[in-house]
Amino acid sequence: MDDIIFKPLTFRNLTVKNRLFRSSISGRWDNYDGSGSQARINWEEKFARGGIGAIITSFVPVHVRGRIMPNYAMIDHNDKIPFWRKVGETVHQYDCKFIVQLSHSGRQRDVPGVENLMNKALSSTNRKDGFHGLLCQAMTREEIRQIVQYFADGARRAREAGLDGVELHASHGYLFTQFLSSGINDRKDEYGGSLENRARFLLEVIKAIRREVGDDFHLQVKINAIDVNNALYPWEKKGNTPEEYLQICKWVEQAGADALHVSAGSLFPHPLVPPGGFPLDEANWWYGGMASAGVRGYLNYTIFHFKTLRPIFRWLWNRTKKDFPVEGVSAEYCREIKKNVSIPVLNTGGYQDGRLIRKVISEGYCDGVAIARPLIANNDLPKVLQEGKDLPDKPCTFCNRCLVNAVANPLGCYDVSRYGGDHEAMIREVMTVFRPQPFA
Ligand SMILES: Cc1cc2nc3c(=O)[nH]c(=O)nc-3n(C[C@H](O)[C@H](O)[C@H](O)COP(=O)(O)O)c2cc1C
Ligand code: SF4
């Protein structure tokens with residue numbers, strides 16, 4: 001069958017065997033100091049074996065001060081290169097490409113860890129974030145210059161590790177969004193105010209990476225199509241409009257990016273990312289560590305603790321559903337971006353059903369899709385689609401239990417209904433990531 005999903009996708013510096021990308025899915029697999037673990041290698045290998053064309057790593061901090069939580073593998077030093085080379089070699093055995101997501105949390109650091117106990121998070125602003133209220137400070141020009149270089153160094157390390165490219169995490173409220181979004185950036189200097197000024201930091205990073213690694217290394221940018229910054233905080237400004245992001249995407253292309261990866265939502269998690277349910281019972285079980293790590297935002301995690309307050313959160317989480325479907329949540333906005341740029345465009349958010357994936361690619365919404373939760377549920381989703389089925393037998397329900405568990409427990413599918421209600425079977429499946437053990 002001549003299935004568009006399985007046609008190779010060619011970027012300026014990279015060809016991927018199909019149109020299916022594993023979107024970033026962070027899990028606390030690694031050592032506290034940011035060195036990598038065998039569990040991460042096993043984790044990535046599962047998706048490569050399942051037939052995905054390319055894997056975009058999870059959030060990989062370029063510096064410890066920009067880490068979301070401890071136990072994330074970093075790319076902040078040359079001593080991390082051998083680990084990343086090993087992960088790359090593992091997935092390459094399956095003709096799967098490997099792209100590192102270079103990231104900095106800015107003020108959105110969920111659990112700062114002991115290294116960051118005495119410092120405020122770096123951001124575009126002095127205003128703490130609304131969710132858990134970690135303290136932050138607006139970066140000086142010198143700090144901006146330093147972080148631009150951290151990103152360039154991260155890209156060089158990815159290249160030296162033999163990987164296939166890098167992605168800048170400029171979505172979901174992390175440091176780049178804190179500069180780009182009019183809902184967050186309140187600077188008065190050349191990095192704030194006008195759209196051009198707010199985009200300056202991201203464009204400087206793209207240019208610095210090009211200077212460091214040249215023009216022949218794949219560089220893509222994950223970017224929002226829309227912020228809806230007021231989804232969880234109705235009293236906040238909305239943030240960037242789709243038109244503003246469209247303009248930023250054009251500048252990103254001109255600055256030297258090879259592709260765009262379109263998402264939505266000005267913080268993480270956010271009703272638009274990952275779209276779907278929000279299991280408040282599990283949030284209460286697992287978000288404790290983050291509640292104690294914060295100071296107190298408008299919406300501290302402790303809201304989950306009091307059952308009487310939960311309906312407020314449920315209402316905030318669900319009220320944008322009428323405008324944004326769970327499946328293909330940002331597809332319409334992505335189509336506008338694709339029409340206006342000439343580099344390939346990926347879209348993320350609610351892709352699982354082969355019919356929808358075929359539609360968005362063949363009708364010009366995007367060139368490929370990046371998938372996270374449906375691949376956690378079924379690591380072999382590409383193979384299932386290739387066999388001609390539109391959905392796996394036990395599809396992902398978009399319940400977001402994986403998301404809420406990931407802050408405390410091994411990342412995996414925690415929807416017990418997918419395991420016929422058998423809790424032990426679910427835990428056995430989740431724990432498979434720890435096998436094969438290298439030293440067993
Ligand atoms: C547990 C979990 C962790 C995630 N971690 C990241 C991340 O580190 N970086 C990122 O850009 N997106 C992250 N995301 C968002 C996904 O990459 C993806 O864009 C989003 O979940 C929508 O795709 P989906 O509907 O296929 O899950 C994460 C999502 C989940 C569920
Ligand atoms: S817990 Fe499982 S079913 Fe629920 S969203 Fe995550 S992967 Fe999908």
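Owing to the predicted nature of the structure, the values given are computational and were not obtained by experimental measurement.

### Thoughts on the site of ligand 2
Taken together, 14 residues lie around ligand 2, and C396, C399, N400, C402 and C413 are the ones closest in. Looking at the shell around ligand 2, the elements with two or more residues in it are α12 (373-377) and α14 (401-405). In the shell around ligand 2, the residues fall into 8 nonpolar, 2 polar and 4 charged.

### Quick notes on the pattern of salt bridges
Going through the model one piece at a time under the given rule, you end up with 30 salt bridges. A salt bridge links D2 to K7, with the shortest nitrogen-to-oxygen separation between them at 3.9 Å. Residue K7 is classed as partly exposed on the basis of its relative accessible area of 35%. The partner of E142 in a salt bridge is R145, with the nearest N and O atoms 2.7 Å apart. With E142 and R145 both in helix α3 (residues 141-160) and 3 residues apart, this pair spans about one turn of that helix. One salt-bridge network, in which partners are shared between bridges, spans D3, D353, R355, R358 and D390.

### Observations concerning the packing of helix α1 (residues 38-49) against helix α2 (residues 81-92)
Viewed as axis vectors pointing N to C, α1 and α2 meet at an angle of 25 degrees, and their least axial separation amounts to 9 Å. Overall, the two elements α1 and α2 adopt an arrangement that is roughly parallel. Both α1 and α2 take part in a crossing whose hand is right-handed. Across the interface between the two elements, Q38, R40, I41, E44, E45 and A48 of α1 pack against F83, W84, K86, V87, T90 and V91 of α2.

### Quick word on the environment of C334
Tracing the backbone shows C334 in helix α10 (residues 331-340). A residue is classified by how much of its surface remains accessible, and C334, at 0% relative accessible area, is buried. Separated by 311 residues in the primary sequence, C334 and S23 have C-alpha atoms spaced 16 Å apart. When residues no more than four places from it in sequence are discounted, the contact partners of C334 are V262, V345, L346, N347, Y365 and C366.

### Thoughts on a nonpolar patch on the surface
On the surface, F306, L309 and I312 cluster together into a nonpolar patch covering about 260 Å² of accessible area. Within the secondary structure layout, F306 lies in the loop between α8 (288-293) and α9 (310-318).

### Let's talk about unusual backbone geometry
Here F268 and P269 are connected by a cis peptide whose omega angle stands at -5 degrees. Locating P269 in the fold gives a position in the loop between β10 (259-263) and α7 (280-286). One non-glycine residue, H172, lies in the positive phi region at around 60 degrees. Relative to the elements of secondary structure, H172 occurs in the loop between β8 (165-170) and α4 (175-180). Classification of H172 by relative accessible area gives buried; the value is 5%. Backbone geometry at V228 places phi at a positive 45 degrees, although glycine is not the residue there. Position of V228 among the secondary structure elements: in the loop between β9 (218-224) and α6 (242-255). V228 gets classed as buried once you look at its relative accessible area, which sits at 13%.

### Some remarks on the side chain of Q220
Relative to the helices and strands, Q220 is located in strand β9. You can call Q220 buried: its relative accessible area is 0%. Every residue in contact with Q220, bar those within four places of it in the chain, is listed here: I56, I99, V166, E167, L168, A259, H261 and L346.

### Focus: the nonpolar core
Within the largest apolar cluster, 98 residues are counted, with the highest numbers of intra-cluster contacts made by L168 and L202. Take this core: its biggest share by element is 10 residues, from helix α5 (residues 195-213). Sequence-distant contacts of L168, that is, excluding residues within four places in its chain, are made with L102, F151, F176, L202, V205, I206, I209, L219, Q220, V221 and K222. Of all hydrophobic cores here, the second largest spans 26 residues; its members include I68, L232, L267 and M290.

### Section: the site of ligand 1
Neighbouring residues of ligand 1: 21 residues in total, closest S24, S26, G350, A372 and R373. Between ligand 1 and S26 there is a distance of 2.5 Å, counted from an oxygen atom to a side-chain nitrogen or oxygen. Contacts to ligand 1 include H169, whose side-chain N or O atom sits 3.0 Å from an oxygen atom. For the shell around ligand 1, the per-class residue count stands at 10 nonpolar, 9 polar and 2 charged.

### Observations concerning helix α15 (residues 423-430)
Residues of α15 that are buried include every one of A425, M426 and V430, and no others. Viewed end-on, α15 has its buried residues packed into an arc of 135 degrees, placing them on one side of the element. Across α15 from its buried face, at more than 90 degrees, point the exposed residues E424 and R428. One side-chain oxygen at the N-terminal end of α15 lies 3.1 Å from the backbone nitrogen of E424; it belongs to D422.

Rules and cut-offs
Residues numbered from 1 in each chain as written. Chains lettered and ligands numbered in written order. Predicted model: local features only at pLDDT ≥ 70, side-chain atom pairs only at ≥ 80, totals over all residues. Heavy atoms only, no water. Near = heavy atom within 4 Å. Helix = DSSP H or I, 4+ residues; strand = E, 2+ residues; numbered from the N terminus. Nonpolar A, V, L, I, M, F, W, Y, C, P; charged D, E, K, R; others polar. Salt bridge = Lys/Arg side-chain N within 4 Å of Asp/Glu carboxyl O. Buried < 20%, exposed > 50% of the residue type's maximum accessible area, 1.4 Å probe, protein only. Axes fitted to C-alpha atoms, helices over the stretch in contact; angles between N-to-C directions. Parallel < 35°, antiparallel > 145°, perpendicular 65-115°, else oblique. Left-handed = near helix turned anticlockwise from the far one by under 90°. Contact = heavy atoms within 4.5 Å. Patch = residues over 30% accessible without salt bridge, like charges linked within 9 Å, V, L, I, M, F, W, Y side chains within 5 Å. Areas by Shrake-Rupley, 256 points an atom, 1.4 Å probe, with all protein chains shown as cover. Core = buried A, V, L, I, M, F, W, Y, C linked by side-chain atoms within 4.5 Å. Polar contact = N/O pair within 3.5 Å; in protein donor to acceptor, adjacent residues only side chain to side chain. Arc of directions from axis to C-beta.

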